[in-house]
Amino acid sequence: DDENAPEDENRRNARLPDATKDPKVWCVKVANGTERQIVLQLINKFAIEAKRGRPIHVTSAYCNEQALGFVYVEAFKEAYVREALSGLRGVYMTKMKLVPVKEMVDTVTVLKKKLTAQEGSWARCRRGKYKGDICQVLSTDSNRNEVEVKLVPRVDTNDYSEFDEAEQKKRRAKCIPPRRLF
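Here's a quick rundown of the structure. Being a predicted model, the structure only gives us computed values, none of them experimental. (Residues numbered from 1 in each chain as written. Predicted model: local features only at pLDDT ≥ 70, side-chain atom pairs only at ≥ 80, totals over all residues. Heavy atoms only, no water.)

Each strand in a sheet pairs with its neighbour through backbone hydrogen bonds, running either in the same direction (parallel) or in the opposite one (antiparallel). Pairing is antiparallel across the open sheet formed by 3 strands, whose spatial order is S5-S6-S7. Every other strand in the sheet has two partners, leaving strand S5 (122-124) and strand S7 (146-150) as the edge strands with one partner each. The mean angle between the axes of side-by-side strands here comes to 55°, regardless of whether they run parallel or antiparallel. (Pairing = 2+ DSSP bridges. Helix = DSSP H or I, 4+ residues; strand = E, 2+ residues; numbered from the N terminus. Axes fitted to C-alpha atoms, helices over the stretch in contact; angles between N-to-C directions.)

Here you go:
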């Protein structure tokens, strides 16, 4: 195994960018949930400024789903990143840091989530009327990220006839029937 270690190290280093010639990657803290929106705003700003004859010196901008609350901007200087992000809401310029060369590849690598539900296994519902109930997994579709489950239905036996239609709707929406077989 020790003989293969140098080969693995060489293979890993081959994927790394040349630090002397390539632009640097800057990690910028942004408001949670606004990562994609800020990248799109930056792309729009890039196009608008290029038409005006004042190009922004940014090579690329991207976000990674594993790094929530961060946007990665590729540029040769920190000043170019600050200039590009100026005027965008939800960007925290004080929380900007340079990504080390050895970690640059990890910023673009996307880890695929494994579907943990398997057919025939048991699971617990997380949302909706059946929150907290145990269900049986019938089938899974990893392409559409869906799971088909079998549940014991909850039947609402309350009488809402004494209320008007609007009040009936409100009460039915709030009511979670008790768990019981009928």
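Residue placement: Glu49 occurs in helix H2 (residues 35-51). Under the relative-accessibility criterion, Glu49 is labelled buried at 15%. Contacts of Glu49, omitting those with residues within four sequence positions, involve Arg54, Pro55 and Ile56. (Buried < 20%, exposed > 50% of the residue type's maximum accessible area, 1.4 Å probe, protein only. Contact = heavy atoms within 4.5 Å.)

Evaluation of the coordinates by the stated rule reveals 1 aromatic pair. Centroid distance Tyr62 to Tyr72: 5.5 Å. Interplanar angle 25°. Geometry classified as stacked. With Tyr62 in strand S2 (residues 60-62) and Tyr72 in strand S3 (residues 70-75), the pair connects residues that are 10 residues apart, well separated along the chain. For Tyr72, a relative accessible area of 9% gives the class buried. It is Lys29 that lies over the ring of Phe70; its NZ or CZ is 5.3 Å from the centre. (Phe/Tyr/Trp six-rings, centres within 6.5 Å; stacked < 30°, edge-to-face > 60°. Lys NZ or Arg CZ within 6 Å of the ring centre and 35° of its normal.)

Moving on: H2. The end-to-end C-alpha distance of H2, which contains 17 residues, comes to 25 Å, matching closely the 24 Å that a straight helix rising 1.5 Å per residue would cover. Against strand S1 (24-30), S2, S3, helix H3 (78-85) and strand S4 (91-98) lie the buried residues of H2. Positive backbone phi, approximately 90°, marks Gly53, located one or two places after H2. (Expected span 1.5 Å × (residues − 1).)

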